[in-house]
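Architecture at a glance
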Amino acid sequence: MTQQLPDPNGKFGPYGGRYVPETLMPALDDLIEAYEEFREDPSFRAEFEHLLHTYVGRPTPLTYARRLSEHLAGAQIYLKREDLAHTGAHKINNALGQALLAKRMGKQRVIAETGAGQHGVATATACALLGLQCVVYMGAIDMARQQPNVDRMRLLGAEVRSVDSGTKTLKDAVNEAIRDWVTNVRDTYYIIGSALGPHPYPLICREFQSVIGREAREQMLTQAGRLPDEVIACVGGGSNAIGIFHAFLHDPVRLVGVEAGGYGLNTGKHAARLAIPDLGFAIADSGNEQSNIETPNGKAENLNSTIHNPKSKVGVFQGMRTMVLQNDDGQIAETHSVSAGLDYAGVGPEHVYLRDLNRVEYTAATDDAALAAFHTLCRLEGIIPALESSHAVAEAIRRAPALPRNSILLINLSGRGDKDLNTVMKHAQRTG
Ligand SMILES: *Cc1c(COP(=O)(O)O)cnc(C)c1O
């Protein structure tokens, strides 16, 4: 299916590719060449695998969620525990792989951009381990919102540069990182944190994250004696999802990607690029009707007609051709999610292709559904999940009761929720 993709131009069908300034084309060519050399190099692979084992803590466990399964009285639920990887999420797999690639390419300096700070922390960690200089670009607003991660990056020896242009958030930080790369391309490696950006980044990130699915597939066979019926993962840029999906692409296994439904897909405040509300897909929410709200004169109005609802359309965004949430003028839309890691206007190009092929089904979970799932997993399993991962848990909670007892749902638990405690406590106060 897409195992052989992307094609030599970095295309997944019509998506992906390389849309960057001319000055960066040679750098991307170098990266392709280096990646192709090292992916086959036994000493590179051995070093990466050794670090995954002795430093990241792989293989991460597969946990049978007994109490959650009993509670839902339907499918049996298993959790792939990326929350137990070093730094608390799957992002370290990619950051470490790319930092190793940077070192092999003879680059002494690494740059990255970060929104919530999770990719910045993973990159700073990998650079400290390998002795590489690290500069992380971060929007000024994000720095204020995510101070603990700024502190972590600095403790790990990284320089965090505040970006004061534009909306002072992630996309402005990306622009600054690209500017830096253009200027310093000879000694600098740019680590992109998800399965997106210009070719070969979506490919490289997928390859470094696909360890998740390889492990999970084997663990399912040993622990449950068979493959799961469905695999569910949240989709921000798409790296943890593509990482677990790839090993199952050729199996009779249903694959489900869950995007951020925010306040609801009809409110204009979400980050669903692939789960298109017009098609009437059911989405996981906590039961309160969100698409109609009371207006001051007391009449319920459909938000579709009153609120500016961004449309997901094919466009060129941050180096790739993909689905992008945009307004009527083609400007990048502002997105919303309770989880910072899913709050992004674009998505990895391979996911768009997998959707077109009908191989992966994309849906969304609202903020409320994710928060409810967060609490459910805490209380029933003793696991505090990341709010991103809670979207996948919410979808499993929605599906499981209708499925037979002998069916199996596998959730990719992409990260742990320590970073989200402030957000969760604030919501708990508001709702009593
Ligand atoms: C960053 C992040 C995500 C979203 O990124 P993907 O590239 O879509 O995986 C999901 N979960 C956690 C815990 C994250 O930190």
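Here's what I pulled together on the structure shown here. Here the structure is a predicted model, which is why all the values come from computation and not from measurement.

Next up on the list: the overall build of the protein. Across its full length, the protein carries 16 helices and 17 strands. Here the C-alpha atoms of the protein give a radius of gyration of 21 Å, agreeing with the 22 Å that 2.2 N^0.38 yields for 432 residues. Expressed along its principal axes, the backbone C-alpha trace of the protein runs to roughly 60 × 55 × 40 Å. Within the protein, buried positions represent 57% of all 432 residues. Within the protein, residue pairs in contact and separated by at least 24 positions form 73% of the contacts whose partners lie at least 6 positions apart. Of the accessible surface of the protein, which amounts to about 17,600 Å², a share of 49% is contributed by carbon and sulfur atoms. Here the protein holds 43 positive side-chain charges and 49 negative ones, and the gap between their average locations is 2 Å.

Applying the stated criterion across every chain, the model contains eight aromatic pairs. With a centroid separation of 6.3 Å and 90° between ring planes, the pair formed by Tyr35 and Phe208 is classed as edge-to-face. Of this pair, Tyr35 sits in helix α1 (residues 25-39) while Phe208 sits in helix α9 (residues 201-209), placing them 173 residues apart in sequence. Here Tyr35 matches Phe208 in class, with each residue buried. In textbook terms, an aromatic cluster arises when at least three aromatic residues are bridged by ring pairs, as seen for Tyr35, Phe48 and Phe208.

Moving on, we get to the site of the ligand. The immediate surroundings of the ligand are formed by 17 residues, with Lys91, Ser194, Gly236, Ser239 and Ser414 found nearest. Here an oxygen atom of the ligand sits 2.7 Å away from a polar atom, N or O, in the main chain of Gly236. At 2.8 Å, a backbone N or O of Gly238 approaches an oxygen atom of the ligand. Protein chains bury 97% of the 380 Å² of accessible surface belonging to the ligand in isolation. Considered class by class, the residues forming the shell around the ligand number four nonpolar, 11 polar and two charged.

On the secondary structure map, Thr366 appears in strand β16 (residues 360-366). The class for Thr366 is buried, based on a relative accessible area of 1%. The spacing of Thr366 and Tyr263 is 103 residues in sequence and 5.8 Å in space, taken between C-alpha atoms. A polar side-chain atom of Thr366 sits 3.1 Å from the main-chain amide nitrogen of Ala369.

Let us now look at the sheet that holds strand β5 (residues 109-114). If you walk across this open sheet you meet the four strands as β7-β6-β5-β8, and the pairing is parallel. Since the sheet does not close on itself, it has two edges, and those belong to β7 (159-163) and β8 (188-190), each with one partner. For this sheet the average axis-to-axis angle between neighbouring strands, irrespective of direction, equals 25°.

This part covers the side chain of Thr125. Among the secondary structure elements, Thr125 is positioned in helix α5 (residues 118-130). Residue contacts for Thr125: discarding those within four places in its chain leaves Tyr55, His86, Thr87, Ile92 and Leu156.

Using the criterion set out here, one finds zero disulfides in the structure. Free of any disulfide, Cys134 has its nearest neighbouring cysteine sulfur in Cys127, separated by 4.0 Å. Of the residues examined, Cys134 reaches a relative accessible area of 4% and is grouped as buried. No disulfide involves Cys378; its sulfur sits 16 Å from the nearest other cysteine sulfur, which is in Cys234. A relative accessible area of 22% means that Cys378 is categorised as partly exposed.

Rules used throughout
Here the residue numbering is sequential within each chain, running from 1 through the sequence in written order. Totals for whole chains, interfaces and linings use all residues, but because this is a predicted model, local features are given only for residues with pLDDT of at least 70 and pairs of side-chain atoms are given and counted only at 80 or more. Processing note: side-chain calculations cover all non-hydrogen atoms of the structure and skip hydrogens and water entirely. Think of it this way: any DSSP run of H or I at least four residues long counts as a helix, any run of E at least two long counts as a strand, and we number them from the N terminus. Only C-alpha atoms enter the radius of gyration; for comparison, a globular chain is expected to reach 2.2 Å times N to the power 0.38, where N is the number of residues. Throughout this description, buried means an accessible area under 20% of the type-specific maximum (1.4 Å probe, protein chains only), exposed means over 50%, and partly exposed covers the range between. Any pair of residues with heavy atoms lying within 4.5 Å of one another is described as a contacting pair. Areas reported as accessible are Shrake-Rupley estimates using a 1.4 Å probe. Residue values count occlusion only from the protein chains shown. When charges are tallied, Lys and Arg are placed among the positive residues and Asp and Glu among the negative ones, while His and the ends of the chain are skipped. Charge positions are represented by NZ for Lys, CZ for Arg, CG for Asp and CD for Glu. Any two of the Phe, Tyr and Trp rings considered here, Trp counted by its six-membered ring, make a pair once their centres fall within 6.5 Å; the pair's planes then place it as stacked at under 30 degrees, edge-to-face at over 60, or tilted in between. Throughout, near means a residue has at least one heavy atom within 4 Å of the molecule or strand. Polar contacts, as counted here, are pairs of nitrogen or oxygen atoms within 3.5 Å of one another; within protein the pair requires one atom able to donate a hydrogen and one able to accept it, and residues that are adjacent in sequence qualify only if both atoms are side-chain atoms. Classification convention: Asp, Glu, Lys, Arg as charged; Ala, Val, Leu, Ile, Met, Phe, Trp, Tyr, Cys, Pro as nonpolar; all other residues, Gly among them, as polar. Should DSSP find at least two bridges between two strands, the strands are taken to pair. Axis lines are fitted through C-alpha atoms, for helices just across the contact stretch, and the angle between N-to-C directions can take any value from 0 to 180 degrees. Cysteine sulfur atoms are paired as a disulfide whenever they fall within 2.5 Å.

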